[in-house]
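Summary of structural features
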Amino acid sequence: MKSVGVTARWALGALVMGGLAAWLAGTEPSAAQQSGPLPGKCQPGPNALGTSRVVEIDTTAGPRFGRQQYPDHDFLQDGEVVLTFDDGPHPAYTLPILEALDEHCIKATFFMVGRQALAFPKYAREVGRRGHTIGTHTWSHANLGRSSPEKVRSEIELGISAVQFALNGTTAPFFRFPYLSDSRGAQERETANISIDVDSHDYRTRSPSRMMSNVLSGLQAKKKGIVLFHDIQPSTAQGLRQLLAELKARGYRIVHIRPKQTQSTVAEFDQRIERAHGSPKLDAVAAGPVERRAVTAPSWETQAARPVPVAQPRPRARSDDWWRSVFGTN
Ligand SMILES: [Zn+2]
């Protein structure tokens with residue numbers, strides 16, 4: 001395994017109990033709690049996974065990861081796992097997931113849907129406050145592989161503007177296509193397109209143990225990987241804590257991916273988000289029953305039936321050049 005430009009460190013982060021109590025009581029944490037460094041280090045106990053290393057990704061060249069679609073590049077060593085959570089934030093399920101991650105002193109990546117972040121900004125900010133990486137996943141979870149270039153641009157840009165508006169901060173230039181439906185070149189930004197290696201299939205079951213066995217069997221087959229979960233799914237919210245304990249028992253190590261760059265927004269789309277903020281439409285999303293807030297909504301049958309396309313490797317001069325451009329070193 002070549003040495004890559006990564007920073008190995010134990011992830012920082014500890015829960016600010018006073019801030020959590022205020023947050024749970026429905027009040028916003030103070031500005032200092034939101035923006036200041038988290039005090040102390042998360043010290044993983046003997047049964048906690050901990051974050052084994054941080055990989056910093058240079059997104060300038062628009063790298064693509066996740067061997068299910070993009071088999072050409074891989075930064076993980078055997079036994080290494082990246083945890084990703086899509087489609088949130090969600091008022092019922094995001095927080096239990098954050099608690100389970102904190103218990104194990106590990107950091108994950110959340111691909112937020114713009115509409116969800118705007119409807120539930122408190123939960124979006126809580127993900128950021130705890131030190132996780134936040135990428136985007138379009139404005140409305142549209143299937144971009146079937147959309148016009150104009151729609152693709154609008155969905156991507158509105159998603160970025162909405163999540164940044166909700167966070168009152170920047171996102172990582174990390175993107176995941178809804179349904180892993182790649183629009184093939186419609187994305188113009190210098191953004192990492194992050195697909196998956198292992199699918200928890202948490203949207204196909206309400207059983208935490210089923211979700212868990214899906215992940216464990218997937219990792220056993222592939223030996224490592226970027227794992228897909230959804231923080232709008234009860235099977236993941238309920239089963240994550242036990243899954244993390246099992247990953248620890250089996251010797252897996254957690255890798256936290258972070259961007260080298262931050263992501264800018266486009267003024268035109270920022271203005272559209274500012275107009276959408278507080279609209280009755282968003283209020284309806286926030287006030288609706290839990291099931292209707294979940295916007296991933298692939299039917300189990302269609303999701304299972306549709307094969308995920310495998311992209312052809314892009315032509316490039318030398319893989320070492322590409323590696324250096326992404327990670328900054330060989
Ligand atoms: Zn999704």
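1. Some thoughts on the overall build of the chain
On a plain count of helices and strands, the chain comes out with 13 helices and 10 strands. Burial analysis of the chain (330 residues in total) assigns 45% to the buried set. A separation threshold of at least 6 residues defines the contact pool for the chain, and within that pool the share at least 24 residues apart is 83%.

2. Some points on helix H6 (residues 149-167)
Compared with an ideal rise of 1.5 Å per residue, which puts 19 residues at 27 Å, H6 spans 27 Å between its outermost C-alpha atoms and is within 8% of the ideal. Two residues or fewer past H6, Asn168 is found with a positive phi of approximately 55°.

3. Digging into the environment of Leu83
Its place among the elements puts Leu83 in strand E3 (residues 80-86). Judged by the 28 C-beta atoms lying within 10 Å of it, Leu83 is buried. Taking the C-alpha atoms as reference points, Leu83 and Ile257, 174 residues apart in sequence, are found 9.3 Å from one another. Sequence-distant contacts of Leu83, defined by excluding residues within four places in its chain, comprise Ala108, Val227, Phe229 and Ile254.

4. Quick look at helix H5 (residues 121-129)
Most of H5 sits out of view: 8 of its 9 residues are buried. When we look at burial in H5, the residues that qualify are Pro121, Tyr123, Ala124, Arg125, Glu126, Val127, Gly128 and Arg129. Positive phi shows up at Gly131, right after H5, with a value of about 90°.

5. Quick word on the packing of H6 against helix H9 (residues 267-276)
Direction vectors running N to C along H6 and H9 enclose 60°, while the axes themselves pass 9 Å from each other. Taken together, H6 and H9 sit at an angle that is classed as oblique. Of the two elements, H6 crosses H9, and the hand of that crossing is right-handed. Here Glu157, Leu158, Ser161, Ala162 and Phe165 of H6 come into contact with H9, specifically with Phe269, Asp270, Arg272 and Ile273.

6. Some words on the nonpolar core
Membership of the largest hydrophobic core comes to 72 residues, with the highest contact counts inside it found for Ala117, Ala162 and Val227. The element contributing the most residues to this core is H6, with 8 residues. The contact partners of Ala162, leaving out residues within four places of it in the chain, are Gly114, Arg115, Ala117, Leu118, Trp139 and Ile273.

7. Some remarks on unusual backbone geometry
With an omega of 5°, the peptide bond running from Gly88 to Pro89 counts as cis. Located in the positive-phi region is Asp87, a residue other than glycine, with phi close to 80°. Summarising the element assignment, Asp87 is placed in the loop between E3 and helix H3 (94-103). Its identity is not glycine, yet Cys105 carries a phi of approximately 55°, on the positive side. Along the chain, Cys105 turns up in the loop between H3 and strand E4 (109-112). On the basis of neighbour counts, which here come to 21 C-beta atoms within 10 Å, the residue Cys105 falls in the buried class.

8. Some words on the packing of H3 against helix H8 (residues 234-249)
Between H3 and H8, the least distance of the axes is 8 Å, while the angle of their chain directions is 10°. Judged on the interaxial angle alone, H8 and H3 are roughly parallel. Along the contact surface, H3 presents Pro96, Ile97, Ala100 and Glu103, while H8 presents Thr236, Ala237, Leu240, Arg241 and Leu244. Looking at the contact of H3 with H8, its residues break down into 6 nonpolar, 1 polar and 2 charged.

9. A word on the confidence of the model for the chain
Put simply, the chain has an average pLDDT of 78, and 72% of its residues get 70 or more. Confidence drops under pLDDT 50 across residues 1-40; counting only partners more than four residues distant or on other chains, this segment forms 57 contacts.

10. A few points about the environment of Glu268
Among the structural elements, Glu268 can be located in helix H9. Sequence separation between Glu268 and Ser161 is 107 residues; the distance between their C-alpha atoms is 9.5 Å.

11. Digging into the pairing of strand E10 (residues 253-259)
Of all 7 residues making up E10, 5 are buried, and the element is well covered by its neighbours. Relative to E10, strand E1 (residues 51-57) is paired through 6 bridges, and the arrangement is parallel. For Val55, the partnering residue across the bridge sits in E10 and is Ile257. The pairing of E3 with E10 spans 2 bridges and is parallel. Bridging across to E10, Glu80 finds its partner in Arg253.

Rules and cut-offs
- Residues numbered from 1 in each chain as written.
- Predicted model: local features only at pLDDT ≥ 70, side-chain atom pairs only at ≥ 80, totals over all residues.
- Helix = DSSP H or I, 4+ residues; strand = E, 2+ residues; numbered from the N terminus.
- Buried ≥ 20, exposed ≤ 12 C-beta atoms within 10 Å, placed from the backbone.
- Contact = placed C-beta atoms within 7 Å.
- Expected span 1.5 Å × (residues − 1).
- Axes fitted to C-alpha atoms, helices over the stretch in contact; angles between N-to-C directions.
- Parallel < 35°, antiparallel > 145°, perpendicular 65-115°, else oblique.
- Left-handed = near helix turned anticlockwise from the far one by under 90°.
- Core = buried A, V, L, I, M, F, W, Y, C linked by C-beta atoms within 7 Å.
- Nonpolar A, V, L, I, M, F, W, Y, C, P; charged D, E, K, R; others polar.
- pLDDT = per-residue confidence, 0-100.
- Pairing = 2+ DSSP bridges.

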